[in-house]
Amino acid sequence: MAMKWIVTCRAGRGDTYAPTLVGGDRLLSVPVDVPGDSRAVRSTFWRRLDAQGVDAPFTELLRFLSGDYWEVTLREATVDRPAANKRLRRRAVALDSDTACLLSGGLDSFIGAADALAAGRSLYLVSHYGGGSGVHASPAQNRVAAALADKYGGSSFRHLKVNLDPPKVLTGELEPPTRSRSIVFLTLAAVVASALPAPATLLIPENGLISLNVPLTYSRLGSLSTRTTHPHTLALFQRVLDGLGIRVNVENPYQFSTKGEMLRNAVAAPLVAELTPETMSCAHPSAGRWQGGGVEHCGYCVPCIIRRASEHEAGVIGTTYTYDVRTDTLGREAAKDSRAFRIAVERATRGIGLQTVLTSGPLGTDPVKLRAYLDLYSRGIKEVGAYLSSTPKAAP
């Protein structure tokens, strides 16, 4: 019989909830915002809300994101949210907005925010940063927010930058895959959006190719395939919000656009082209440090390959990459993503069927949308193929 973990959240010192364990069940009690507890998950979320003048089917979603089996039991909270920071609230100036937008520090979310601001929308931009490679997203978030403020004025948006990072001593184990982390991003942004005039909009800008995240080879099927912004993930999250009576509409405006199309068709194209090198999309931003380099794009991970293909397609230059998968000799591990892309590109030349785009998850039954997903994937793979088969330009 498989071992079962029971995970509970202990919200504050007064929360003494303890579930009944049966057989070989194991308990992980996660303290949240409990001062003095070294195992507690600390969050700046409530403080950030105070400073901005903003008040305060799930099981299926978790299963789709993580690949694990979940059983969720809700219980009534016995403690209130942490006491409001009155000083921050007195100084806060709320924004007249009905839209929240994720701002990860990556290129897609930057384009999404810039497009929305260029269209005259006022935004609450919500960023998350934590440990590991996520720490490198923080400077990129700052650079992007500063550039947007210079272009559109600081009164057009508010930037809520939230840290939520569990200590390593919490479980005593390190799980490298972060396939479930999107629930943190989505929830933080949904809390902000839920405090805005209803019905509010939550924008999750992501190019359609990486959103679909179709396994590039048959060996890549399974729970390690990230499903952060997959259409089924967002549909399930929308159902969760609807079921809770939270009037927030979740949207990915670029679901049917490749990254190159996003970059080429950006409303504020000059600004986006100029600031593209300041964004961070890489999964291994420290890959070049052993060579004496700094934090930069590795060039060989899936996000880097898609990003570089988009820059090639749109004619945008400036991002520094540690490696070029077209010319550099890479080790087996570093070369695995470019090999997988080459296999996918070659397979696509023989034709792409609907079943291909359905391997990463359900996409509904609307025939028009299914055809659009198929066309999107075909264009995205061709975009990557065009980059991989191109000849690098000589340095000036």
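Residues numbered from 1 in each chain as written. Predicted model: local features only at pLDDT ≥ 70, side-chain atom pairs only at ≥ 80, totals over all residues. Heavy atoms only, no water.

**Side note on the overall build of the protein**
- When you go through the protein residue by residue, the secondary structure sums to 14 helices and eight strands.
- Every one of the 396 residues in the protein was classed for burial, and the buried ones make up 46%. (Helix = DSSP H or I, 4+ residues; strand = E, 2+ residues; numbered from the N terminus. Buried < 20%, exposed > 50% of the residue type's maximum accessible area, 1.4 Å probe, protein only.)

**Observations regarding the nonpolar core**
- By size, the foremost hydrophobic cluster in this structure holds 36 residues, and its most contacted members are Leu212, Cys298, Tyr300, Leu330, Phe341, Tyr377 and Val384.
- Elements represented by at least two residues in this core include exactly α7 (208-212), α11 (302-314), α12 (336-348) and α14 (367-388).
- The greatest single-element share of this core, amounting to nine residues, is contributed by α14.
- Residues contacting Phe341, with those up to four places away along its chain left out, are Leu216, Val302, Ile305, Ile306, Val384 and Leu388.
- Among the nonpolar cores identified, the runner-up in size contains 30 residues, and Leu102, Ile204, Leu236 and Val240 belong to it. (Core = buried A, V, L, I, M, F, W, Y, C linked by side-chain atoms within 4.5 Å. Contact = heavy atoms within 4.5 Å.)

**As for the packing of helix α4 (residues 107-118) against helix α5 (residues 137-152)**
- At a minimum axis separation of 11 Å, α4 and α5 run at an interaxial angle of 15 degrees. Judged by the angle between their axes, α4 and α5 are roughly parallel. Remark: the crossing between α4 and α5 carries right-handed chirality. Across the interface between the two elements, Phe110, Ala113, Ala114, Leu117 and Ala118 from α4 touch Val144, Leu148 and Tyr152 from α5.
- Looking at the contact of α4 with α5 residue by residue, the classes come out as eight nonpolar, no polar and no charged. (Axes fitted to C-alpha atoms, helices over the stretch in contact; angles between N-to-C directions. Parallel < 35°, antiparallel > 145°, perpendicular 65-115°, else oblique. Left-handed = near helix turned anticlockwise from the far one by under 90°. Nonpolar A, V, L, I, M, F, W, Y, C, P; charged D, E, K, R; others polar.)

**Quick word on the packing of aromatic side chains**
- Here the structure, examined in full by the defined rule, presents two aromatic pairs.
- When the ring of Phe256 is compared with that of Tyr373, the centres are 4.8 Å apart and the planes differ by 40 degrees; the resulting orientation is tilted. Of this pair, Phe256 sits in the loop between β8 (248-251) and α9 (259-264) while Tyr373 sits in helix α14, and the two are 117 residues apart along the sequence.
- Take Tyr373: its relative accessible area is 7%, and that puts it in the buried class.
- The cationic tip of Lys161 hangs over the ring face of Tyr129; the distance from NZ or CZ to the ring centre is 5.3 Å.
- A cation over an aromatic ring shows up here: Arg227 above the ring of Phe64, its NZ or CZ 4.7 Å from the ring centre. (Phe/Tyr/Trp six-rings, centres within 6.5 Å; stacked < 30°, edge-to-face > 60°. Lys NZ or Arg CZ within 6 Å of the ring centre and 35° of its normal.)

**Some details on α5**
- Helix length check: α5 (16 residues) gives 22 Å between terminal C-alpha atoms against 22 Å at 1.5 Å per residue, within 8%.
- Within the sequence span of α5, burial applies to Ala137, Ser138, Ala140, Gln141, Val144, Ala145, Ala147 and Leu148.
- Residues of α5 that are buried sit in contact with α4, β5 (123-129), β6 (157-165) and α10 (269-275).
- Looking at the residues trailing α5, positive phi occurs at Gly153, about 90 degrees. (Expected span 1.5 Å × (residues − 1).)

Purely geometric numbers; function is a separate question.
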